[in-house]
Every structure is written in structure tokens, then in C-alpha cells.
Amino acid sequence: PGEAQPYPVCQQSWGNPTSSVTALDLAALSWIAYEQNESHIRQLLAQSFGPGPQLEHVADYSKTPRWLAVRFPPGWKEQAASGTARREGTDTLVVAVKGT
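I will try to describe carefully the structure that is included in this document. All values reported here derive from a predicted model rather than from experimental measurement. (Residues numbered from 1 in each chain as written. Predicted model: local features only at pLDDT ≥ 70, side-chain atom pairs only at ≥ 80, totals over all residues. Heavy atoms only, no water.)

Regarding the pattern of salt bridges
- Tallied over the full model, the rule gives 3 salt bridges.
- Across the pair glutamate 38 and arginine 42 runs a salt bridge whose closest N-O atoms are separated by 2.8 Å. Taken together, the positions of glutamate 38 and arginine 42, both in helix α2 (residues 38-49) and 4 residues apart, correspond to about one turn of that helix.
- Ionic pairing is found between arginine 71 and glutamate 56, a salt bridge with its closest N-O pair at 3.4 Å. In this pair, arginine 71 is assigned in strand β2 (residues 67-72) and glutamate 56 in strand β1 (residues 54-58), connecting sequence segments 15 residues apart.
- Linked through salt bridges whose partners overlap, the residues forming this network are Glu56, Arg71 and Asp91. (Salt bridge = Lys/Arg side-chain N within 4 Å of Asp/Glu carboxyl O. Helix = DSSP H or I, 4+ residues; strand = E, 2+ residues; numbered from the N terminus.)

As C-alpha cells, then:
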């Protein structure tokens, strides 16, 4: 029998290499975009990604399109895992848009 092959998207990342995001990160952000309350969005970001990523903008929930922008700093994954992060590199800015 053949071995299972991973989906190529599971091996990809987007953004600057020091602050990149994966398909699972983007999926979590798309889910978070449906939260109505901004303070809950901030809590979900911290729970999902740790203390590094920052909410830059959130549009009013009743407006179309509803979107939010999150800045991922260099080393955010290391900061989430160990509490420390490097500051060298470029941020990755992600915009998540809520559907209908």
C-alpha cells in the first residue's frame, strides 16, 4: 500500500519568513472574524496565537464587509511557545473578511 501524501497547502506558509502564517492560522482568523464583540476578538486572538499578534483594525459587525486586520510580529510563534521573541524581521499583516 502507498503512503498517505500530505496536502501541499499544509506545508505552505504566507508572509515574511520570520512572521509567517499557515493555512490553519488563516482558518482560525476567518472564524474569529465572525465574533461580534471586539474584546472577545482580542481574547480569541490571545488564546489562539499567544501574546504577539495584535488587532490593528476591526470593522463594525453590522457593516458589509465586516473585516479585521491582525499584525503578526517577527518571532510570534516562538513567543507563544516560550514567552520570548526576536524582534528582527518584518511583520505580516493579515486581513480576514466575514462573509454574509
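Past the structure itself, the notes keep going.
Brief notes about the nonpolar core
- Within the largest apolar cluster, 17 residues are counted, with the highest numbers of intra-cluster contacts made by Leu29, Leu45, Phe49, Leu68 and Phe72.
- When contributions to this core are tallied by element, the ones reaching two or more residues are α1 (23-32), α2, β1, β2 and β3 (92-97).
- Examining the composition of this core, we find that 4 residues originate from one element, α2, more than from any other.
- Those residues within four positions of phenylalanine 49 in sequence are excluded, and the remaining contacts are Asp25, Ala28, Leu29, Ile32, Phe72, Trp76 and Ala80. (Core = buried A, V, L, I, M, F, W, Y, C linked by side-chain atoms within 4.5 Å. Buried < 20%, exposed > 50% of the residue type's maximum accessible area, 1.4 Å probe, protein only. Contact = heavy atoms within 4.5 Å.)

Side note on the environment of aspartate 91
- You can see aspartate 91 is positioned in the loop between α3 (76-82) and β3.
- Distance from aspartate 91 to arginine 42, taken between C-alpha atoms, is 18 Å for residues 49 residues apart in sequence.
- Residue contacts for aspartate 91: discarding those within four places in its chain leaves Asn16, Ser19, Arg71, Phe72, Pro73 and Pro74.

A few points about the side chain of serine 19
- Assignment of secondary structure puts serine 19 in the segment before α1.
- The exposure class assigned to serine 19 is buried, which follows from its relative accessible area of 0%.
- Once you skip the residues sitting within four places of it in the chain, serine 19 turns out to touch Phe72, Pro73, Pro74, Trp76, Thr90, Asp91 and Thr92.

Observations concerning the packing of aromatic side chains
- Per the counting criterion, the structure on display carries 3 aromatic pairs.
- Seen from their ring centres, phenylalanine 49 and phenylalanine 72 are 5.3 Å apart, and the 90 degrees between their planes marks the pair as edge-to-face. One end of the pair, phenylalanine 49, is in helix α2; the other, phenylalanine 72, is in strand β2, and 23 residues separate them in sequence. Both residues of the pair, phenylalanine 49 and phenylalanine 72, count as buried.
- Pairing phenylalanine 49 with tryptophan 76 gives two aromatic rings, centres 5.7 Å apart and planes at 75 degrees, and the pair type is edge-to-face. Separated by 27 residues along the polypeptide, phenylalanine 49 in helix α2 and tryptophan 76 in helix α3 bring together distant segments of the chain. One exposure class covers both phenylalanine 49 and tryptophan 76, and it is buried. (Phe/Tyr/Trp six-rings, centres within 6.5 Å; stacked < 30°, edge-to-face > 60°.)

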